[in-house]
Amino acid sequence: MRISLCIFILTIPLLFLSGCQRSDSKAGKVAVTWELLTNFTDTPNGFKAQFTLRNNSSEVLTNANWALFFNMSPRPILPAKTPQTATVQHINGDWYKLIPNDGFRLEPGATATIDYEGTEAVNKVTDAPLGLYFVFYNKEGKEENIVQVANYTIRPFSRKEQIVRGKNDQMPLPTLERAYQDNLALSLLSPDKLQKIVPAPVKITTGNGTLALDNSLTIYAQKGLETEARLLSQKLKALTGKDISIRNTSPAATGIFLKTANLRVNGTSQEAYRLDINGNGITITGSDAAGVFYGIQSLLALLPIESYKTPTAPITLNYTQIEDAPRFAFRGMHFDVSRNFQTKETILRILDLLAFYKINHFLFYTTEDEGWRLDIDGLPELTQVGAQREHTSGKETPVLHPAYGSGPKAYEEGKYGSGFYSKADFIDILKYAKERHIKVIPELNFPGHARAAIKAMEARYQRLMKEGKEKEANEYRLIDPNDTSVYLSAQGYTDNVVSVGRESTYHFYEKVVDEITKMYKEAGVPMDIMHAGGDEVPEGVWTKSPEAAALLKENPTIKDPKNLQTYFFRKLVQRLEKRKLEIHGWEEVALNKTTDGKYVPNPEFVGRKVVPYVWNNLFDLDLGNRLANAGYPVVLCNVSNFYFDMAYNNDPLEPGLYWAGYVDTWHNWAFAPFDMFKTTFKTAMGKPLNFAGLERMKPEARKNIRGIEAQLWSETVKGRDMAEYDILPKLLGFAESAWAPQRPWETIDNQVVREKVMRQGWNVFANTLAQKELPRLARMNDGYTYRLPPPGAVVEKGILKANTALPGLIIRYTTDGSDPSGNSIQYKGPVNVTGTLKTQKF
């Protein structure tokens, strides 16, 4: 499946980006329009926006009978500089409301405009208010009715001041002309110049001769490889339309042979394989079952694309020999299903995708502020309360309020705020992943990012207190009820951190871990890792908590509330060590905070099976190097390269976040793990980075790089198609960095020479994506949704010149103003054009 979120229009002689409007459907008679006015305000990196309300109802809107609730990419709202008829207020997280000021009165048929300003510039349609609904109040001020906005318009982002994030933004405007100039560095390659397999193997040799792959070949599987044989047979049947039989008897002279043996490739003896295709058939020899599985994936990748297009076509394979093993033992992808829920079926599709591209770890992020997604025996409120979002009277209630456009109703069709995995669902996912040699890593993020758990346990507390069961009510309570600390988390929450001074907090954590362990055992999967989160604990927490104060008094060496996070993690490590778990967490788990709020490596947990995941390579440029040098086993999750939720570019219609800049497939591919300064180029605003005086990775510390991980946070990810769009084709660039051997350019110190070699390598990879990988993805599992880059185009003296960032994609165009289709004129070279031109890639 191909998706283009943007139609690029070229009206001779000017180039411009077309705008779009968005509306949400439901009942309601007050029309709402929102417009970003400008990112150039008196506030550095601020923005100014405007609501317009048109009263199409027969009732008067007064200063007391309504409020408009909505979600918006969280940003602090500034006091109004000029008098307004209504005020935008931040409630919690990304939940806001527009409330009328004194004297407000909107008669039927009348219109009101309200301007407001905030910090952190806005340049995406996905930043606009979403999930809008009115709450109407009676004369006593009580909620009387909730009505979702049916007529909602987001005005186009078409002006420079709407796309550029203020005067400090150095990123170029996303024009067709700019894309055309960028694409000139690429050229179309013939099929024989393409990469044979993604990710690239250590060694591949193609010989003379071909093998016919059909059902005359039987699969002979060594004992212990029955699952691999079954999965291969299923894939081949889907591609050939024929049953491929499996036997574990003595093999014949020809066939498909799966076996294990002592094998070492490129210094690696785990997950290694050798693939031989010759006159005797196909032999896949692995150092272990995982190696055999990855040999199978390479075999499937070698199949001609035509076999995916026409499954019944005869398949002919060239004689080939491959020797291969992964560069890193840990090749992971994180998937946040808490902020917006994804179905079990979507997770299984993603696991298939990861397996094909040889990704072997899946960090399943099922707990966050905005949702708890896993059924836990004995704690029903975790899903009864924590798995659904809905309107509530305020943030203090034991309810999860709307977030990310989920609206006022729980489990509403077409919304993604509610949902969870039953025990059976989770066990199915574990089994499915195990068959594909993917380790699912469970997660419980404490002490921050814990709002869903906190609200669920408060609901439990209130229920049991009403039943007179005070002891049981406090057994898993997570807060200090007398804490008056004031803080604001990175996502705008004021109530998302647990109390570290309560034994019940630790008891809750142990309870959840033990119940998850039982599910792993039932699935027949060993659980040896727990991801403890530990990130983004805001300044100010625990400063006015009586429980924290008592803890500090009992433990004077802690000295400061800032150090309570390390105290918490220390206690958690002790408890998880007893369960023989390796403890993974975000970088903060291996850091201490200084008195001025800066993070420094904490040597306390070196050698304690603590694995920090380092994402912050833009705001603390050498942190990954420092932690590896300190002796920690590190997973690199660099935000500048591997955050799939970062938008591909700054086109307003391109969905995603951009607080760390823009991340496309090239960034995932262009990564030097042992010398990250070579492949980290700019700040989030496009300013060149300076690495002078920073710590580099010591040669002896390279062994501490456990691997790399890509992240998909889901603030802007609504449903399966959007998840796949964000993942693909970025995942392919990531897989190349995770599995393939070190690329030649990684060790070139001369920047000019290095970048030239990188461009050559990227040209091959980009051609491979367009000509092989994307056509295959369009058909695998009934087709994945992936992003196609918009074409570049210029018109010079009436002549259209066009190109693409992925050579091999077809560009089609029209000159009558209609949208191009697969039957429109194919662009093959510069052409004279007149009229209104539209281009589209296919």
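The residue count restarts for each chain, going from 1 along the sequence in the order it is written. Where local features are concerned, this predicted model is filtered to residues with pLDDT of at least 70; where side-chain atom pairs are given and counted, the filter is 80 or more; whole-chain, interface and lining totals use all residues. Where side-chain values are given, they derive from all heavy atoms of the structure, hydrogens and water being excluded.

Novice: Which parts of the structure should I look at to understand the overall build of the chain?
Specialist: The helix count covers DSSP runs of H or I at least four residues long, the strand count covers runs of E at least two residues long, and both are numbered beginning at the N terminus. If you tally the helices and strands in the chain, you get 19 helices and 40 strands. In terms of C-alpha radius of gyration, the chain reaches 28 Å, essentially the compact-globule figure of 28 Å for 842 residues. With the C-alpha coordinates aligned to their principal axes, the bounding extent of the chain is approximately 85 × 75 × 55 Å. Considering the chain as a whole, with its 842 residues, one finds that 59% of them fall into the buried category. By definition in these notes, contact holds between two residues if any of their heavy atoms fall within 4.5 Å. Here the contacts in the chain between residues at least 6 apart in sequence split such that 76% fall between residues at least 24 apart. Only four residue types enter the tally: Lys and Arg on the positive side, Asp and Glu on the negative side; His and the chain ends are excluded. Working definition for charges: the position is that of NZ of Lys, CZ of Arg, CG of Asp or CD of Glu. Seen as two clouds, the 100 positive and the 95 negative side-chain charges of the chain have centres 4 Å apart. With the radius of gyration taken over C-alpha atoms, the globule rule is written as 2.2 Å times the number of residues to the power 0.38. Burial classes: relative accessible area under 20% of the type maximum marks a residue as buried, over 50% as exposed, and values in between as partly exposed (1.4 Å probe, protein chains only).

Novice: Before we go on, may I ask you to explain the packing of helix α6 (residues 344-356) against helix α17 (residues 720-727) in this structure?
Specialist: When two helices pack together, you describe them by how their axes are tilted relative to each other and by the distance separating the axes. Inter-axis angles, ranging from 0 to 180 degrees, are taken between N-to-C directions of lines fitted to C-alpha atoms, where helices are fitted over the stretch in contact. At a minimum axis separation of 11 Å, α6 and α17 run at an interaxial angle of 20 degrees. As summarised for this structure, α6 and α17 are arranged roughly parallel, according to the angle between their axes. With respect to the hand of their crossing, α6 and α17 are arranged in right-handed fashion. Residues Thr346, Arg349, Ile350 and Leu353 of α6 form the contact with α17, whose own contacting residues are Arg720, Glu724 and Ile727. Residues are grouped as follows: Ala, Val, Leu, Ile, Met, Phe, Trp, Tyr, Cys and Pro are nonpolar; Asp, Glu, Lys and Arg are charged; all remaining types, including Gly, are polar. When its residues are assigned to classes, the contact of α6 with α17 shows three nonpolar, one polar and three charged. Small angles under 35 degrees read as roughly parallel and large ones over 145 as roughly antiparallel, with 65 to 115 read as roughly perpendicular and the rest as oblique. Handedness of a helix crossing follows the sense of rotation of the near helix relative to the far helix, less than a right angle counterclockwise being left-handed and clockwise being right-handed.

Novice: Got a minute to help me understand the side chain of Gln491 in this structure?
Specialist: By the element assignment, Gln491 lies in the loop between α10 (470-474) and α11 (503-523). N or O atoms closer than or at 3.5 Å make up a polar contact, with two conditions inside protein: a donor-capable atom paired with an acceptor-capable one, and, for residues adjacent in sequence, both atoms drawn from side chains. Within the structure, the side chain of Gln491 is placed 3.3 Å from the side chain of Glu536, a separation counted as a polar contact. In this view, Gln491 contacts Pro74, Gly93, Asp94, Arg339, Tyr404, His449 and Glu536; residues no more than four positions away in its chain are not counted.

Novice: Explanation requested: the nonpolar core in the structure shown.
Specialist: When a protein is soluble and globular, its nonpolar side chains tend to lie buried together. Grouped together as the largest cluster of nonpolar side chains are 168 residues, with contacts concentrated most on Phe508 and Leu731. Counting 35 residues, the second-largest nonpolar core is a separate cluster that includes Val30, Leu36, Leu61 and Tyr96. Residues grouped as a nonpolar core are buried Ala, Val, Leu, Ile, Met, Phe, Trp, Tyr and Cys residues, joined through side-chain atoms within 4.5 Å.

Novice: How do you make sense of the environment of Gly295 when you look at a structure like this?
Specialist: By the secondary structure assignment, Gly295 is in helix α4 (residues 289-302). The buried category is assigned to Gly295, whose relative accessible area is 0%. When the C-alpha positions of Gly295 and Thr62 are compared, they lie 69 Å apart, and in sequence the two are 233 residues distant. The contact partners of Gly295, leaving out residues within four places of it in the chain, are Tyr273, Leu275 and Ile284.

Novice: Would you explain the sheet that holds strand β4 (residues 30-38) in this entry?
Specialist: Within a sheet, neighbouring strands are paired by backbone hydrogen bonds and run either parallel or antiparallel to one another. Two strands qualify as a pair provided DSSP detects at least 2 bridges between them. Pairing is mixed in the open sheet, where four strands are placed in the order β11-β5-β4-β14. The open sheet has two edge strands with one neighbour each: β11 (111-119) and β14 (152-154). Shown here is a sheet whose adjacent strand axes are inclined to one another by a mean of 20 degrees, direction ignored.

Novice: What is the right way to read the sheet that holds strand β7 (residues 66-71) from this model?
Specialist: With respect to topology, five strands assemble into an open sheet ordered β8-β9-β7-β12-β13, the strand pairing being antiparallel. Only two strands of the sheet have a single partner each, and these edge strands are β8 (86-92) and β13 (143-148). Adjacent strand axes in the sheet meet at a mean angle of 25 degrees, parallel and antiparallel pairs treated alike. For β7 and strand β12 (residues 130-137), the ladder comprises five bridges, and the chain directions are antiparallel. Bridge pairing links Trp66 to Phe136 in β12.

Novice: I tried to follow the pattern of salt bridges on my own but got confused; where do I start?
Specialist: Note on pairing: side chains with opposite charge can pair once their charged atoms come close. The salt bridge criterion pairs a side-chain nitrogen of Lys or Arg with a carboxyl oxygen of Asp or Glu, the two atoms within 4 Å. Evaluated as defined, the whole model comprises 53 salt bridges. The closest approach of N and O atoms between Arg787 and Glu654, which form a salt bridge, is 3.0 Å. Residue Arg787 is found in strand β34 (residues 786-787), and its partner Glu654 is found in the loop between α15 (639-642) and α16 (665-669); the two are separated by 133 residues along the sequence. Its relative accessible area of 7% is what places Arg787 among the buried residues. Each member of the salt-bridge network shares a partner with another, and the members are Asp336, Arg339, Glu368, Glu370 and Glu715.

Novice: Would you take a moment to explain the packing of aromatic side chains for this structure?
Specialist: Geometry of an aromatic ring pair is reported as the spacing of the ring centres plus the angle between the planes. Any pair of Phe, Tyr and Trp rings, taking the six-membered ring for Trp, is counted once the centres come within 6.5 Å. Such a pair is stacked with planes under 30 degrees apart, edge-to-face with planes over 60 apart, and tilted for the rest. Enumeration over the complete set of coordinates arrives at 45 aromatic pairs. An angle of 55 degrees between the planes, with centres 6.2 Å apart, marks the rings of Tyr365 and Trp586 as tilted. Here Tyr365 is found in strand β23 (residues 361-365), whereas its partner Trp586 is found in strand β28 (residues 582-586), with 221 residues between them in sequence. Of the two residues, Tyr365 and Trp586, both sit in the buried class. Look at Phe642 and Phe671: their rings are 4.7 Å apart centre to centre, the planes differ by 70 degrees, and that puts the pair in the edge-to-face class. Within this pair, whereas Phe642 is found in helix α15, its partner Phe671 is found in the loop between α16 and β33 (705-712), the two being separated by 29 residues in sequence. Judged on exposure class, the residue Phe642 and its partner Phe671 are both buried. Aromatic rings pair up to connect Phe335, Phe341, Phe362, Phe364, Tyr421, Phe426 and Tyr520 into one cluster. Ring-over charges, as used throughout, are those where CZ of Arg or NZ of Lys falls within 6 Å of the ring centre and within 35 degrees of the ring normal. For Lys730, the ring lying beneath its charged end belongs to Tyr648, and the centroid distance is 4.1 Å.

Novice: Any chance you could explain the environment of Tyr273 here in plain terms?
Specialist: Examined against the element boundaries, Tyr273 turns out to sit in strand β19 (residues 273-278). When the C-alpha positions of Tyr273 and Gly291 are compared, they lie 4.9 Å apart, and in sequence the two are 18 residues distant. Within the structure, the side chain of Tyr273 is placed 2.5 Å from the side chain of Ser298, a separation counted as a polar contact. At 2.7 Å, the side chain of Tyr273 and the side chain of Asp324 are in polar contact.

Novice: Could you clarify how one ought to interpret α6 in this entry?
Specialist: Note that an α-helix has 3.6 residues per turn; residues three or four places apart therefore point the same way. Over its 13 residues, α6 runs 19 Å from end to end, which matches the ideal 18 Å to within 8%, given 1.5 Å per residue. Along α6, 12 of the 13 residues are buried, which leaves the element largely enclosed by surrounding structure. Where α6 is concerned, the buried positions are Lys344, Thr346, Ile347, Leu348, Arg349, Ile350, Leu351, Asp352, Leu353, Leu354, Ala355 and Phe356. Downstream of α6 by a residue or two, Lys358 has a phi angle that is positive, lying close to 65 degrees. In this scheme, a helix's expected span is set at 1.5 Å multiplied by one less than its residue total.

Novice: Hey, could you run me through the pairing of strand β5 (residues 46-55) in this one?
Specialist: The side chains of a regular strand alternate between the sheet's two faces. Of all 10 residues making up β5, eight are buried, and the element is well covered by its neighbours. Both β4 and β5 contribute to a ladder of eight bridges, which runs antiparallel. Following the sheet pairing, Val32 is matched in β5 by Leu53. Sheet topology note: the β5/β11 ladder contains nine bridges and is antiparallel. Within β11, the residue paired with Gly46 across the bridge is Thr119.

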